[in-house]
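# Survey of secondary and tertiary structure
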Amino acid sequence: PGTGACFSPHARKLSQTSSGEKVVVEQISERATENVSLLQFFQEHSIVPGQCLEVRDKSEITGTITLSTPNGDVALGTETAGQIMVVPSHLVQHRKAPEKLRRTVV
C-alpha cells in the first residue's frame, strides 16, 4: 500500500471469484491494512500476498466466501473479501521474493 504499485491486468477482488477457482493473493487493500486485527486474522489464516488459495464455496444468500488455505478452511464476508486482490493461479509464475524484500522471522 502507498507505493504506487499497479495491479496485474488479471487482478480482481476476491469477492468477484467463483466456487472452485484457485487464485493467488496479489495485494491487500490499503483500507484493510489500517485494521490491525484484520491483518492479524489474514496472517493467521495465510491470506497474504503470494499465497495460493482455493475458493471452496461462494454463497450469495449468506454473503460469504469459504476459502481453502494452508491453515484450513476459513469463511469471509464479501465486504472483507472485496479488500483482497487476487489473480488466477495459472497466470502466476511462482517465485521467491528478492532477498532484500524477505522478512526474517525470529
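One can find the structure itself at the top, above this paragraph.
Residues numbered from 1 in each chain as written. Predicted model: local features only at pLDDT ≥ 70, side-chain atom pairs only at ≥ 80, totals over all residues. Heavy atoms only, no water.

Turning to the pattern of salt bridges, a few remarks are in order. Across all of its chains, the model carries four salt bridges by this definition. Across the pair R12 and E21 runs a salt bridge, and its minimum N-O distance is 2.1 Å. The partner of K58 in a salt bridge is E60, and the shortest N-O contact between them spans 3.9 Å. Under the relative-accessibility criterion, E60 is labelled exposed at 63%. (Salt bridge = Lys/Arg side-chain N within 4 Å of Asp/Glu carboxyl O. Buried < 20%, exposed > 50% of the residue type's maximum accessible area, 1.4 Å probe, protein only.)

Right, let's get into the sheet that holds strand 3 (residues 52-59). Strand order in this open sheet of six strands is 1-6-2-3-4-5, and the pairing throughout is antiparallel. At either margin of the open sheet sits one strand with a lone partner, and together these are strand 1 (12-13) and strand 5 (72-77). For strand 1 and strand 6 (residues 84-88), the ladder comprises two bridges, and the chain directions are antiparallel. Bridge pairing in strand 6 places R12 opposite V86. (Pairing = 2+ DSSP bridges. Helix = DSSP H or I, 4+ residues; strand = E, 2+ residues; numbered from the N terminus.)

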